[in-house]
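Working through the structure, step by step
The primary structure of each chain is shown beneath.
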Amino acid sequence: RKYSIHFGTEYYLDDKNTIGLSAGYRYNNGNNNALVDYNYYDNAMSFLRNEYNIQDEKEIENNFDLDVSYKHEFDKKGHELAFTGRFSTQKEDEDGDVFNYKKADDFSTRITDNLEDQKNIVITADYVKPIGEKGKFELGARADFSDTKTNNKTFNLTDTGELVPDNNFFANVDNKQNVIAAYTQYGNAIGEKFQYFAGLRLETSDMEINNYTTNKKISKKYTDLFPTLTLNYKFTEKNELQLSYSRRVQRPMGFMLMPFFSATDDRNIRNGNPDLNPTYTNSLELSYITTIGKLMVTPSLFYQKTTDVINQFQRKNYNDNGEDVLISKPINVGDEDRYGLDLTATYRPAKWWNLMFNVNLFGYNRSGYYEETNAFKDPITGVEGTKVDSQDFSGDGFSSRGRLSSSF
């Protein structure tokens, strides 16, 4: 069952000043069901046995958000100052059972209790001022404060009805991330044919992850500059050339940082990695835009260099019962070069009908090798020790994809 309510209003103080307020609440109450089927074979691929896990989970989710805004418009059109603030909170409570069936008289039950509480505050300020007929200056700032608390527990149900904690599936983590950024950008034209746009963003990130389960704490701080430059030359009204450069950052998603793993599939365990770093990409693109009647064609050549790529490292181990398990986690390893051609064409046979065709041809070259030492217990002899797990992520290739769409 889902319920939601939302309201908003704007109040005009005068012709130049406006205040906005909006709020929303969402409630979700549902069930998550899953079936994981395991089939075991020997080295000759002869079938040995079958077992499966069934998950029956109930989820209750509550979301609330509040937005406030203020905008001041100066006398010249497009000259304005704006502030926004947003507060949001989200709570998820998931309780369920995981039933493991090996055969009719051999089954076990796990009880899961997962709770996540997330709060987020975002504050922005933006100033825009037109300069001359074609110029524009922009200045802004943004502050993003987030705090995510996760408490996941799993218990094994014994034959006597006792709940025994399964430490392999426990995670009590507090993840705080604060990002503060300021930017400035300016664009203008030189003559009738040449236009340029340049920008620079300064960004500071402060991350702190407390793992109360393992009593470990990770703190990281980053300060980065992100430039942007676009040059455009117009040969005619229907033919123009554009060159652009940008540097971008992609931070790890929240679930990648959490040492969280689902008990639903205990043979494929996915761990988070609180020590992940952001991925950075430098991108260069050259585009030509031409219009022939009702047809507009845009071929683009591009090159991207990405460092500290996030890849999934996977290793094999054994659980307490001596059964094979695959353990994976995200890691920063290697670089990637990507290059290619992107061709987009749009055609309007009529005012009410639009056709769009896109084809993307790209090659890539990836480097990266990773290894780590892990504890190991031989499932047959019971001898404990260590072993080195490694994975090579290097490779290259060429791919293509295309799309044709029609809208009317």
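Above this note sits the structure.
To keep things clear, this report deals only with the structure shown in the data block. (Residues numbered from 1 in each chain as written. Predicted model: local features only at pLDDT ≥ 70, side-chain atom pairs only at ≥ 80, totals over all residues. Heavy atoms only, no water.)

1. Details of the overall build of the protein
Check the secondary structure of the protein and you find one helix and 21 strands. A compact globule built from 408 residues should have a C-alpha radius of gyration of about 22 Å, whereas the protein, at 27 Å, is more than 25% larger. For the protein, with 408 residues in total, the buried portion stands at 33%. Excluding contacts between residues fewer than 6 apart, the proportion of contacts in the protein whose partners are at least 24 apart in sequence is 61%. Side-chain charges of the protein comprise 48 positive and 60 negative groups, with the mean position of each set lying 7 Å from the other. (Helix = DSSP H or I, 4+ residues; strand = E, 2+ residues; numbered from the N terminus. Rg over C-alpha atoms; globule rule 2.2 N^0.38 Å. Buried < 20%, exposed > 50% of the residue type's maximum accessible area, 1.4 Å probe, protein only. Contact = heavy atoms within 4.5 Å. Lys, Arg positive; Asp, Glu negative; His and termini not counted. Charge placed at Lys NZ, Arg CZ, Asp CG, Glu CD.)

2. Concerning the pairing of strand β6 (residues 135-157)
Two strands pair when backbone bridges link them, and strand β5 (residues 106-131) and β6 are joined in this way by 23 bridges, in the antiparallel orientation. Bridge pairing links Thr124 to Arg142 in β6. Sheet topology places β6 next to strand β8 (residues 171-190); 17 bridges connect them, and they run antiparallel. What sits directly across from Asp147, in β8, is Lys176. Across three bridges, β6 lies against strand β7 (residues 163-165) in antiparallel orientation. If you follow Phe155 over to β7, its bridge partner there is Pro165. What sits between β6 and β7 in their antiparallel hairpin is a turn of five residues, with Gly161 showing a positive phi close to 85°. (Pairing = 2+ DSSP bridges.)

3. Remarks on unusual backbone geometry
The backbone of Met45 shows a phi angle near 65°, a positive value even though the residue is not glycine. For Asn215, which is not a glycine, the phi torsion comes out positive at approximately 60°. With respect to the secondary-structure elements, Asn215 resides in the loop between β9 (194-211) and β10 (216-236). Asn215 sits in the exposed class, given a relative accessible area of 71%.

4. Examining the pairing of strand β18 (residues 353-366)
In the sheet, strand β17 (residues 336-350) pairs with β18 via 13 bridges, with the strands oriented antiparallel. Across the sheet, the residue bridging to Arg338 is Tyr364, located in β18. Taking the residues between adjacent antiparallel strands as the criterion, β17 and β18 are bridged by two residues. In this sheet, strand β21 (residues 395-407) lies alongside β18 in antiparallel orientation, the contact comprising 13 bridges. Its bridge partner lying in β21, Met356 is registered against Ser405.

5. Section: the environment of Tyr27
Residue position: Tyr27 is located in strand β2 (residues 17-41). When the C-alpha atoms of Tyr27 and Tyr127 are compared, they prove to be 36 Å apart, with 100 residues separating the residues in sequence. Those residues in contact with Tyr27, other than ones at most four positions away along the chain, are Arg1, Lys2, Tyr3, Ile60, Glu61 and Asn62. Of note is the side chain of Tyr27, whose polar atom sits 3.2 Å from the side chain of Asn29. (Polar contact = N/O pair within 3.5 Å; in protein donor to acceptor, adjacent residues only side chain to side chain.)

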